[in-house]
Amino acid sequence: MLPISLRRLLDAFAGCFTTPTFEVFQAMVLGLIAQTGQHTVCGMLTGAGLATSWSHDRAHRFFSTARWSIDQLGLIVFDLVLARLVADGTDLLLAVDDTAHRRRGKKVHGAGWIHDGSAPARNKLAFGHRWVVVGIIVRPAFLSRPVCLPVLCRRWQGKGTASTVEIAAQMITTIAGRVPHRRVHVVADAAYHGKSLRGLPATVTWTTRLPRNAVLYHRAPAPTGRRGRPRLKGARIGTPEQAAATCVWSTVSVARYGRIDTVSVAVLDCLWYGVFGPLPVRMVLVRDRQTGPMLALITTDLSVTAGELVARYAARWAIEVTFFDTRQILGVGQARNRTAQAVNRTWAFGMYVYTIVVIWYAVSGHRSGIVADRRTHAPWYLSKTDPSFADILTALRRTLIAARFMGSRPAQPTNAEIRQVQRAWALAAA
């Protein structure tokens, strides 16, 4: 049932599993992709066409008790992204963020009350899990926008355990150790700052948004030769608003969000002593209009220009698009696991399948007529020029249908088989 193009990608994961477990892994990947209904564990089994031949216990045991590592799986996904979508020797751009996964039930392992910033209602309190995700931002040839591909995911364990910033720092350190000879640039929102970032590898730079109450200082003055410890920081600058009053502003062009914008920027090399200690940082203040709201960015990359930093931070939005696509289109998070190991594996497994789907499309699935076909069936998308993730997923589903119904027998199909193929082909785009 697996087409050769997808099997070649999945073969890279064979070393993570025993032979029987690897067979279940392939079935679960296939089932999550092919399923157009509920993306539960049993739904994956149904999507793979194995509901009548396999016991559902076999699928549930894969997530709950089988011996394999979800982190090892993520690192193999990371290697595939580097091999297929990133040029050799180039710097890597990673995005870090967390997302809420709502769950119900007192017996669900690790579930608790969390803040869900994406909730449409005023009440942002939710019961469930919080996941910290690291994704690599790439620009495939078939897209005019960046896309964020998840490569490591870990669940926040709750109060009294490692914070989301500490979890992110651990995952970034793991990835940096995987590519010791490459520079790794990390972008995150304003929630991701803290003293745990001081121990990151030398090849890693960190970019985030400054809180309004952050206090900045000038760099430490040169030693005076007098007795006593040299100063670790210079004179107080103040908050970003206070710093903006004395900065020199200039105008630059920035490529962000698919367009070229002209913005006003101010650059100041300083210290954010409360977070990074004596490590030098660069603050970039951004205004779209002379009197408009100000965005304050801070980075440990001292070689980046203001325009490059603004574009780098704007690319962080790709991880928000990934959260939407995985939840609304691929169905990640619909599984109803309750045990500890199953909870810690199933959600992250779905995020990695998202990355596998995009890699498959970039390597084997893209064709120029996909966007034209979509606009034919949905003519109201007048400005559509790139395939969406829904288009990418539909292309892979139809490839799976062809491998399942047409690859095994060259003989003329029966009328029942023809109707089955037609119905499956239509559901693939559902």
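Residues numbered from 1 in each chain as written. Predicted model: local features only at pLDDT ≥ 70, side-chain atom pairs only at ≥ 80, totals over all residues. Heavy atoms only, no water.

Notes on the overall build of the chain
Tallying secondary structure elements over the chain gives 14 helices and twelve strands in all. Whereas a compact globule of 430 residues would reach a radius of gyration of roughly 22 Å, the chain reaches 24 Å, a difference of no more than 12%. When its C-alpha atoms are laid out on the principal axes, the chain stretches across 90 × 50 × 45 Å. Expressed as a percentage of its 430 residues, the buried residues of the chain come to 50%. Intrachain contacts of the chain at a sequence separation of at least 6 include 63% that bridge at least 24 residues. Surface exposure of the chain reaches about 21200 Å², of which carbon and sulfur atoms provide 53%. The averaged location of the 24 negative side-chain charges in the chain is 6 Å from the averaged location of its 54 positive side-chain charges. (Helix = DSSP H or I, 4+ residues; strand = E, 2+ residues; numbered from the N terminus. Rg over C-alpha atoms; globule rule 2.2 N^0.38 Å. Buried < 20%, exposed > 50% of the residue type's maximum accessible area, 1.4 Å probe, protein only. Contact = heavy atoms within 4.5 Å. Areas by Shrake-Rupley, 256 points an atom, 1.4 Å probe, with all protein chains shown as cover. Lys, Arg positive; Asp, Glu negative; His and termini not counted. Charge placed at Lys NZ, Arg CZ, Asp CG, Glu CD.)

Here we look at unusual backbone geometry
Backbone geometry places Y257, a non-glycine residue, at a positive phi of 55 degrees. Tracing the chain through its elements places Y257 in the loop between strand 9 (250-256) and strand 10 (259-270). Overall, the relative accessible area of 49% leaves Y257 in the partly exposed class.

With respect to the pattern of salt bridges
Applying the stated criterion across every chain, the model contains 16 salt bridges. The residue R183 makes a salt bridge to D301 at a minimum N-O spacing of 3.5 Å. Of this pair, R183 sits in the loop between helix 6 (164-178) and strand 5 (184-188) while D301 sits in the loop between strand 12 (294-299) and helix 9 (306-314); the two residues are 118 residues apart in sequence, bridging distant segments of the chain. When its relative accessible area of 34% is taken as the criterion, R183 is described as partly exposed. Look at D301 and you get buried, because its relative accessible area is 2%. (Salt bridge = Lys/Arg side-chain N within 4 Å of Asp/Glu carboxyl O.)

With respect to the confidence of the model for the chain
Overall, the prediction assigns the chain a mean pLDDT of 89, with 93% of residues at 70 or greater. The least confident element of the chain is helix 14 (residues 415-427), whose mean pLDDT is 63; the most confident is strand 5, at 97. (pLDDT = per-residue confidence, 0-100.)

Here's the deal with the packing of aromatic side chains
All told, the structure shown has 18 aromatic pairs when counted by the stated rule. With centroids separated by 4.8 Å and ring planes inclined at 75 degrees, the aromatic side chains of F142 and Y361 adopt a geometry described as edge-to-face. One end of the pair, F142, is in the loop between strand 3 (125-138) and strand 4 (147-155); the other, Y361, is in helix 11 (residues 340-365), with 219 residues separating them in the sequence. Judged by its relative accessible area of 0%, Y361 falls in the buried class. Between the NZ or CZ atom of R130 and the centre of the ring of W156, over which it lies, the distance is 5.3 Å. (Phe/Tyr/Trp six-rings, centres within 6.5 Å; stacked < 30°, edge-to-face > 60°. Lys NZ or Arg CZ within 6 Å of the ring centre and 35° of its normal.)

Digging into the pairing of strand 5
Taken across its five residues, strand 5 has five buried, putting it largely inside the fold. Every second residue of strand 5 is oriented toward a common face, with V184, V186 and A188 on one face and H185 and V187 on the other, all of them buried. The pairing of strand 1 (residues 92-102) with strand 5 spans five bridges and is classified as parallel. Each residue of the ladder has a partner; that of V96, found in strand 5, is A188. Note: strand 5 against strand 6 (residues 204-209), four bridges, orientation parallel. Residue pairing in the sheet places V187 in a bridge with T207 of strand 6. (Pairing = 2+ DSSP bridges.)

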